[in-house]
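Coordinate analysis (summary)
The residues making up each chain are set out below.
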Amino acid sequence: MNQWNLSKIICSAVTTAWLLCAPVQTNAAQSAHSPWGNLEVMVDATRNKNLEEVTQSTFMPFDASQKFPFSQSVVWLRFTPEIKNSTEQDLYLKILPALVTEVAVYLPSTKNASGWDMQSYKLSNLTAPIPFGSTALEQDIYVRVISSLDARILPIVDLKENINLLQRRSEAYIVCIVTILSVAALLTLARFVIGFNFFSLALFSFFICIAIACLSTSELLSLFSDWRIDHATEMFPIALTGSIFSFFAVWLMLANNLFNGGRWIKASSIFFLIFGLIFIGSFFDANKAITALEIARINSAWICVVLLVLQAIQSRHLLEKKSEKLIFFFLVVIAILPLPSAGNFYKPIIDAFKGDDLNQADLLFLLRPLLSLMLLSLAAWSFEKLRSERISSLKSELNQTKTNLESESSRLDLQKKFTAMLTHELKNPLMASQMALGSIRDRLHEEDPSIHRVNSIGHSLQEIDTIIERCAEIDKYEQGYIPLVIEKFPLGDLVCIVKASHPSERIYSIVRGTDDDLMLRSDIYYIKSILNNLLTNALKYSVAESLVELKLEYKHNTFKSELCLSVSNEVTDETKPDAIRVFERYYRSESAKQQSGAGLGLWLAQSMAHALGSHIHLRIDGSCVRFEFSIPA
């Protein structure tokens, strides 16, 4: 089976899971109806109504989707019997989920026509069906339900054997779900132990929390110990909020891995923080935590989908591979996946198990948790596949980069050898020419007409030597043979070095705001090279016999101290530099082409300034041209 067919099968399975995982609310929203009568509900917010006041109160049809505020009130149920046959049978009451702490049943008294018989059942007695009178009763039956946790409940009034059958079937179903979750948790734990990663940790936490939440709402904990039953209302909120928190962590890690931490995915991280705070809050106030969880979950689902789509539009290049598209599909489906809540989990299960045979709709509902689990498993597999593909891609790119670096290193080595050979071969005849020219100059007297030509030749030879030296310097700089060395040195040393390199009488220097003892921390060779290039450029292209200013000014304020260095010279309108292109490599203006040069001096100066963390600025004010930069002092 090729990869494309496998992808199609997986996509089909995920699509089916998405269709089956759509929230089923229709059955839950229906009023609970018993084959033996009708159920109604009334919430006593005062928590102190007696039975007489309750019987006079207004009751509403029971709605299984309604969440009751048990923590702040008392919930009363009224059962109105409907006689089905003349045979007298005993009825029983069962309330699911197992989060109720006390139930009191008020039956019409058999001894006093206007009286009531009350029987109270504590937590330890609620595991078995509660006696609910006989089918021969024609009066209403009242039930007071108490719990510390705000939740939705499902009262079942039926014959004892029917209730026991429903309870066995529902518990068997929950056992299957918990078993599958436990196996998945063990596999995830093994994967976590073999190779530590937060994705496995979050997935393991999700499986464990869901399993604990399912057990907390059932009476299966009675098989272990009474202590666990007493604390079911404490365990359930923590497990529920923990499952949503870890679930969103899985979703967020998948999204971050797919889009490499894109901007819109980072925005969805706010919900990770919210769910984390809700999880912490469940240890202190379970009811507020569950209420906040339901609100956050409803709002976060579609907001995350919108953010995911926006990120996909922005990062389309990250959705080119099949595995990347598959994970994106997973993320959309998982974001809207219905998760357990303090809600109508039991009603669809009870409705499915009421009949002797399961219809297609009931079967699909019962398979929904398995399909959801399969969806998460496929997401985990896709996560590993995507990570493996990207690691392989990075290794391939790294190997290619290594090959390119080796090739570039070989090329630079050859270039270095060629430049050294060329410099040596040019230097030798150039030196011989300069020595021969010097001998000729020595034999000529000052008034000889040829002396001017000899001086011109000497100047040209000197310019050729300068170009060769600059090319050699640039080659060394680009190949890293002129490393940046940051050290402290006095300003006076820099001034002396620059003056020694340029003894021309046309250059004058100005030092303001400090003296030669000012200590600088930079690379003195880089600064000297920058100033040498700027001064050479100024002497070459300024007006003949005009002065060149080298200015060093110390500036200090609250935020920083710096030494500003500038080189200024006078130019004509024809020789003004192009402010945009003046620092380009090999660039020379039309007027500059009348003189020798390679167009490398200003480019090298700017490159070295950038290496120092500075930048050379060109200022043109009328006929004055000024190059300036600064270094920290």
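Residues numbered from 1 in each chain as written. Predicted model: local features only at pLDDT ≥ 70, side-chain atom pairs only at ≥ 80, totals over all residues. Heavy atoms only, no water.

Another point: the packing of helix α15 (residues 524-541) against helix α16 (residues 601-611). Between α15 and α16, whose axes approach to 9 Å, the crossing angle comes to 150°. Judged on the interaxial angle alone, α16 and α15 are roughly antiparallel. The two elements α15 and α16 cross, and the hand of that crossing is left-handed. Side by side, α15 and α16 meet where Tyr525, Tyr526, Ser529, Ile530, Asn533, Leu534 and Asn537 of the first sit next to Gly601, Leu602, Leu604, Ala605, Met608, Ala609 and Ala611 of the second. Considered class by class, the residues forming the contact of α15 with α16 number 10 nonpolar, four polar and no charged. (Axes fitted to C-alpha atoms, helices over the stretch in contact; angles between N-to-C directions. Helix = DSSP H or I, 4+ residues; strand = E, 2+ residues; numbered from the N terminus. Parallel < 35°, antiparallel > 145°, perpendicular 65-115°, else oblique. Left-handed = near helix turned anticlockwise from the far one by under 90°. Contact = heavy atoms within 4.5 Å. Nonpolar A, V, L, I, M, F, W, Y, C, P; charged D, E, K, R; others polar.)

Turning to α16, a few remarks are in order. Residues lying three or four places apart along an α-helix face the same way, a consequence of the helix completing one turn every 3.6 residues. Across the 11 residues that make up α16, a large majority, nine, are buried. Among all positions in α16, only Gly601, Leu602, Trp603, Leu604, Ala605, Gln606, Ser607, Met608 and Ala609 are buried. Taken from the residues just after α16, glycine 613 is the one with a positive phi, measuring 80°. (Buried < 20%, exposed > 50% of the residue type's maximum accessible area, 1.4 Å probe, protein only.)

A few words on the confidence of the model for the chain. Note that predicted coordinates carrying low pLDDT should not be read in detail. For the chain, per-residue confidence averages 80 on the pLDDT scale, and 82% of positions sit at 70 or higher. With pLDDT under 50 throughout, residues 1-5 is counted as low confidence; its partners more than four residues away or in other chains account for five contacts. Here residues 15-30 is modelled with pLDDT under 50, and outside its nearest four sequence neighbours on either side it reaches 31 contacts, counting other chains as well. (pLDDT = per-residue confidence, 0-100.)

This next bit is on the pattern of salt bridges. The full count for this structure, using the stated rule, is 11 salt bridges. A salt bridge links glutamate 102 to lysine 122, with the nearest nitrogen and oxygen atoms 3.3 Å apart. In this pair, glutamate 102 is assigned in strand β6 (residues 102-108) and lysine 122 in the loop between β7 (116-121) and β8 (130-134), connecting sequence segments 20 residues apart. By relative accessible area, which is 15% here, glutamate 102 ends up buried. As a salt-bridge pair, glutamate 628 and arginine 626 come within 3.2 Å of each other at their nearest N and O atoms. (Salt bridge = Lys/Arg side-chain N within 4 Å of Asp/Glu carboxyl O.)

Each strand in a sheet pairs with its neighbour through backbone hydrogen bonds, running either in the same direction (parallel) or in the opposite one (antiparallel). Pairing in this open sheet of three strands is antiparallel, and the strands run β8-β5-β10 from one edge to the other. Looking at the sheet topology across the chains shown, the edges are occupied by β8 and β10 (154-159). Neighbour to neighbour, the strand axes of the sheet diverge by 30° on average, direction disregarded. Pairing between strand β5 (residues 90-96) and β10: six bridges, direction antiparallel. (Pairing = 2+ DSSP bridges.)

Turning next to the packing of helix α14 (residues 491-501) against α15. Running from N to C, α14 and α15 cross one another at 40°; their axes reach a closest spacing of 10 Å. Classed by the angle they form, the pair α14 and α15 counts as oblique. Handedness of the crossing formed by α14 with α15: right-handed. Contacts between α14 and α15 involve Asp493, Leu494, Ile497, Val498 and Ser501 from the first element and Ile524, Ile527, Lys528, Leu531, Asn532 and Leu535 from the second. Counted by class, the contact of α14 with α15 contains seven nonpolar, two polar and two charged residues.

A separate point is a nonpolar patch on the surface. On the surface, Ile270, Leu273, Ile274, Leu277, Ile280, Phe283 and Phe284 cluster together to form a nonpolar patch covering roughly 750 Å² of accessible area. Considering the arrangement of structural elements, one finds phenylalanine 284 in the loop between α8 (263-281) and α9 (286-314). Residue phenylalanine 284 is classed as exposed on the basis of its relative accessible area of 71%. (Patch = residues over 30% accessible without salt bridge, like charges linked within 9 Å, V, L, I, M, F, W, Y side chains within 5 Å. Areas by Shrake-Rupley, 256 points an atom, 1.4 Å probe, with all protein chains shown as cover.)

Moving on, we get to the side chain of glutamine 606. With respect to the secondary-structure elements, glutamine 606 resides in helix α16. Residue glutamine 606 is classed as buried on the basis of its relative accessible area of 6%. For glutamine 606, the contacting residues outside a window of four places in its chain are Phe583, His615 and Ile616.

The end-to-end C-alpha distance of α9, which contains 29 residues, comes to 40 Å, matching closely the 42 Å that a straight helix rising 1.5 Å per residue would cover. At serine 300, α9 shows its maximal bend, which comes to roughly 30°. (Expected span 1.5 Å × (residues − 1). Bend = angle between axes of the 7 residues up to and from the residue.)

The five strands lie next to each other as β12-β14-β15-β17-β16, forming an open sheet whose pairing is mixed. Single-partner strands in this sheet number two, and they are β12 (507-512) and β16 (617-621). With direction set aside, neighbouring strand axes in the sheet form an average angle of 20°. In this structure, strand β15 (residues 561-570) lies alongside strand β17 (residues 624-632), joined through nine bridges in antiparallel fashion. Paired with glutamate 570 across the two strands is cysteine 624, which belongs to β17.

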